[in-house]
Amino acid sequence: MNIYLLAVGNKMPDWVNKAYHEYAKRLNADCQLKLIEIAPGKRGKNADLARIKLQEGEKLLAAIPKGCLVVALEVKGRAWSTEELAKQLDGWLHSGQDIALLIGGPEGLSNACVARADVKWSLSPLTLPHPLVRVLLSEQIYRAYSILKNHPYHR
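The model shown is predicted, which means the values in this text are computed figures rather than measured ones.

Draft legend 1. How the structure looks around the pattern of salt bridges. Following the criterion strictly, the structure yields 10 salt bridges and no others. Between glutamate 22 and lysine 25 there is a salt bridge, and its shortest N-O distance comes to 3.3 Å. Remark: lysine 25 and glutamate 22 occur in helix α1 (residues 14–26); sequence separation between them is 3 residues, near one turn of the helix. When its relative accessible area of 60% is taken as the criterion, lysine 25 is described as exposed. For the salt bridge of aspartate 118 with arginine 116, the shortest nitrogen-to-oxygen distance reads 3.5 Å. It is possible to trace a salt-bridge network through shared partners that takes in Glu22, Lys25 and Arg26.

Draft legend 2. Representation of the sheet that holds strand β4 (residues 99–103) in the model. Strand order in the open sheet formed by 5 strands is β2-β1-β4-β3-β5, and the pairing between neighbours is parallel. Two strands lie at the open edges of the sheet, namely β2 (32–38) and β5 (119–122), each paired on one side alone. Recorded for the sheet is a direction-independent mean angle of 30 degrees between the axes of neighbouring strands. Bridge count between strand β3 (residues 69–79) and β5: 5 bridges; the pairing is parallel. In the strand pairing of β5, leucine 73 is matched with tryptophan 121. Across the sheet, helix α3 (residues 82–95) touches β1 (2–8), β3, β4 and β5, and the angle it forms with β3 is around 165 degrees.

Draft legend 3. Inspection of the packing of aromatic side chains at higher detail. Applying the stated criterion across every chain, the model contains 3 aromatic pairs. Ring centres of tyrosine 23 and tyrosine 142 lie 6.3 Å apart, and the angle between their planes is 35 degrees; on these two criteria the pair is classed as tilted. Here tyrosine 23 is found in helix α1, whereas its partner tyrosine 142 is found in helix α5 (residues 130–148), with 119 residues between them in sequence. Both residues of the pair, tyrosine 23 and tyrosine 142, count as buried. Linked through ring pairs, Trp80, Trp92 and Trp121 together constitute an aromatic cluster. The lysine or arginine in question, arginine 26, covers the ring of tyrosine 142, its NZ or CZ lying 5.3 Å from the ring centre.

Draft legend 4. Main features of the pairing of β3. Relative to β4, β3 is paired through 4 bridges, and the arrangement is parallel. Across the sheet, residue valine 71 finds its bridge partner in β4, namely leucine 101. Traced from β3 through α3 to β4, the parallel crossover comes out right-handed.

Reading the values: the criteria
- Residues numbered from 1 in each chain as written.
- Predicted model: local features only at pLDDT ≥ 70, side-chain atom pairs only at ≥ 80, totals over all residues.
- Heavy atoms only, no water.
- Salt bridge = Lys/Arg side-chain N within 4 Å of Asp/Glu carboxyl O.
- Helix = DSSP H or I, 4+ residues; strand = E, 2+ residues; numbered from the N terminus.
- Buried < 20%, exposed > 50% of the residue type's maximum accessible area, 1.4 Å probe, protein only.
- Pairing = 2+ DSSP bridges.
- Axes fitted to C-alpha atoms, helices over the stretch in contact; angles between N-to-C directions.
- Contact = heavy atoms within 4.5 Å.
- Phe/Tyr/Trp six-rings, centres within 6.5 Å; stacked < 30°, edge-to-face > 60°.
- Lys NZ or Arg CZ within 6 Å of the ring centre and 35° of its normal.
- Right-handed = clockwise from strand over helix to strand, strands pointing away.

Laid out in C-alpha coordinates, this is it:
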(Lines give C-alpha, C1' and ligand atoms only; values in the text may rest on other atoms or scores of the structure.)
Protein backbone atom coordinates (compact mmCIF):
# COMPACT_ATOMS: atom_id res chain seq x y z
CA MET A 1 0.00 0.00 0.00
CA ASN A 2 1.13 3.53 -0.73
CA ILE A 3 0.24 6.49 1.42
CA TYR A 4 0.58 9.64 -0.64
CA LEU A 5 1.15 12.81 1.32
CA LEU A 6 -0.08 15.58 -0.99
CA ALA A 7 1.04 18.86 0.52
CA VAL A 8 0.80 22.44 -0.67
CA GLY A 9 4.25 23.91 -0.22
CA ASN A 10 7.78 23.33 -1.36
CA LYS A 11 11.25 24.54 -0.44
CA MET A 12 10.96 23.19 3.08
CA PRO A 13 13.74 23.76 5.62
CA ASP A 14 16.36 21.02 5.67
CA TRP A 15 15.28 19.79 9.12
CA VAL A 16 11.76 19.13 7.77
CA ASN A 17 13.03 17.10 4.82
CA LYS A 18 15.41 15.11 7.01
CA ALA A 19 12.76 14.31 9.61
CA TYR A 20 10.10 13.41 7.03
CA HIS A 21 12.48 11.13 5.12
CA GLU A 22 13.76 9.51 8.32
CA TYR A 23 10.28 8.26 9.23
CA ALA A 24 9.25 7.48 5.65
CA LYS A 25 12.28 5.22 5.14
CA ARG A 26 11.47 3.24 8.32
CA LEU A 27 8.29 1.88 6.75
CA ASN A 28 8.36 -1.45 4.90
CA ALA A 29 7.41 -2.24 1.33
CA ASP A 30 3.86 -3.15 2.37
CA CYS A 31 3.31 0.43 3.60
CA GLN A 32 5.21 3.20 1.84
CA LEU A 33 4.90 6.94 2.42
CA LYS A 34 5.36 9.08 -0.68
CA LEU A 35 5.43 12.87 -0.75
CA ILE A 36 3.86 14.87 -3.58
CA GLU A 37 4.51 18.58 -3.21
CA ILE A 38 2.13 21.09 -4.77
CA ALA A 39 3.61 24.47 -5.60
CA PRO A 40 1.86 27.15 -3.56
CA GLY A 41 0.20 30.14 -5.16
CA LYS A 42 2.08 33.41 -5.01
CA ARG A 43 0.99 35.42 -2.01
CA GLY A 44 1.77 39.07 -2.18
CA LYS A 45 0.50 42.25 -0.62
CA ASN A 46 -2.78 42.34 -2.56
CA ALA A 47 -3.10 38.64 -3.37
CA ASP A 48 -6.57 37.19 -3.90
CA LEU A 49 -6.30 34.51 -1.19
CA ALA A 50 -9.67 32.94 -2.03
CA ARG A 51 -8.59 32.46 -5.66
CA ILE A 52 -5.20 31.08 -4.58
CA LYS A 53 -6.86 28.59 -2.21
CA LEU A 54 -9.18 27.48 -5.01
CA GLN A 55 -6.27 27.01 -7.44
CA GLU A 56 -4.23 25.09 -4.89
CA GLY A 57 -7.25 22.87 -4.30
CA GLU A 58 -7.55 22.17 -8.02
CA LYS A 59 -3.86 21.19 -8.13
CA LEU A 60 -4.28 18.91 -5.11
CA LEU A 61 -7.30 17.18 -6.63
CA ALA A 62 -5.53 16.71 -9.95
CA ALA A 63 -2.53 15.13 -8.18
CA ILE A 64 -4.51 12.43 -6.35
CA PRO A 65 -3.44 9.06 -7.77
CA LYS A 66 -6.28 6.98 -9.21
CA GLY A 67 -8.17 4.72 -6.86
CA CYS A 68 -7.01 6.34 -3.62
CA LEU A 69 -9.07 6.74 -0.51
CA VAL A 70 -8.84 10.48 0.14
CA VAL A 71 -8.22 11.79 3.65
CA ALA A 72 -8.43 15.54 4.19
CA LEU A 73 -6.41 17.00 7.04
CA GLU A 74 -9.10 19.28 8.33
CA VAL A 75 -9.48 21.00 11.70
CA LYS A 76 -13.19 20.04 11.73
CA GLY A 77 -12.37 16.40 11.07
CA ARG A 78 -12.27 13.59 13.58
CA ALA A 79 -9.31 13.42 15.96
CA TRP A 80 -7.71 10.01 16.48
CA SER A 81 -5.48 8.76 19.22
CA THR A 82 -2.36 6.94 18.09
CA GLU A 83 -4.06 3.63 18.80
CA GLU A 84 -7.10 4.68 16.76
CA LEU A 85 -4.79 5.70 13.91
CA ALA A 86 -3.20 2.25 14.11
CA LYS A 87 -6.68 0.69 13.69
CA GLN A 88 -7.36 2.99 10.73
CA LEU A 89 -4.01 2.06 9.19
CA ASP A 90 -4.73 -1.63 9.72
CA GLY A 91 -8.05 -1.25 7.90
CA TRP A 92 -6.37 0.64 5.07
CA LEU A 93 -3.65 -2.01 4.77
CA HIS A 94 -6.23 -4.79 4.58
CA SER A 95 -8.35 -2.92 2.03
CA GLY A 96 -5.51 -2.94 -0.47
CA GLN A 97 -6.42 0.62 -1.42
CA ASP A 98 -3.84 3.39 -1.58
CA ILE A 99 -4.39 6.48 0.59
CA ALA A 100 -4.02 10.15 -0.30
CA LEU A 101 -3.59 12.56 2.61
CA LEU A 102 -4.36 16.16 1.62
CA ILE A 103 -2.64 19.08 3.36
CA GLY A 104 -3.75 22.53 2.25
CA GLY A 105 -1.83 25.77 2.12
CA PRO A 106 -1.83 28.60 4.67
CA GLU A 107 -5.57 29.20 4.14
CA GLY A 108 -6.37 25.49 4.43
CA LEU A 109 -8.05 23.16 1.98
CA SER A 110 -10.51 24.34 -0.63
CA ASN A 111 -14.16 23.38 -0.26
CA ALA A 112 -13.76 21.07 -3.25
CA CYS A 113 -10.96 19.15 -1.49
CA VAL A 114 -13.00 18.77 1.69
CA ALA A 115 -16.03 17.65 -0.34
CA ARG A 116 -13.92 15.10 -2.25
CA ALA A 117 -12.53 13.55 0.93
CA ASP A 118 -13.75 10.14 2.02
CA VAL A 119 -12.43 10.83 5.52
CA LYS A 120 -11.73 14.06 7.42
CA TRP A 121 -8.95 13.84 10.00
CA SER A 122 -8.02 16.52 12.52
CA LEU A 123 -4.51 16.38 13.93
CA SER A 124 -5.33 19.06 16.50
CA PRO A 125 -7.60 22.03 17.10
CA LEU A 126 -4.38 24.07 17.14
CA THR A 127 -3.10 25.76 14.00
CA LEU A 128 0.09 23.90 13.11
CA PRO A 129 2.85 25.14 10.78
CA HIS A 130 2.69 23.19 7.52
CA PRO A 131 6.32 22.04 7.67
CA LEU A 132 5.68 20.60 11.11
CA VAL A 133 2.55 18.79 9.87
CA ARG A 134 4.69 16.77 7.43
CA VAL A 135 6.98 15.68 10.22
CA LEU A 136 4.12 14.97 12.62
CA LEU A 137 2.22 12.92 10.03
CA SER A 138 5.21 10.85 8.97
CA GLU A 139 6.11 10.13 12.60
CA GLN A 140 2.55 9.19 13.58
CA ILE A 141 2.12 6.94 10.54
CA TYR A 142 5.38 5.20 11.44
CA ARG A 143 4.28 4.96 15.10
CA ALA A 144 0.90 3.45 14.10
CA TYR A 145 2.67 1.02 11.77
CA SER A 146 5.09 0.02 14.56
CA ILE A 147 2.10 -0.76 16.80
CA LEU A 148 0.67 -3.06 14.12
CA LYS A 149 4.03 -4.82 13.73
CA ASN A 150 4.57 -5.12 17.51
CA HIS A 151 7.73 -3.06 17.18
CA PRO A 152 8.95 -1.50 20.45
CA TYR A 153 9.05 2.06 19.05
CA HIS A 154 5.67 2.98 20.55
CA ARG A 155 6.71 2.30 24.15
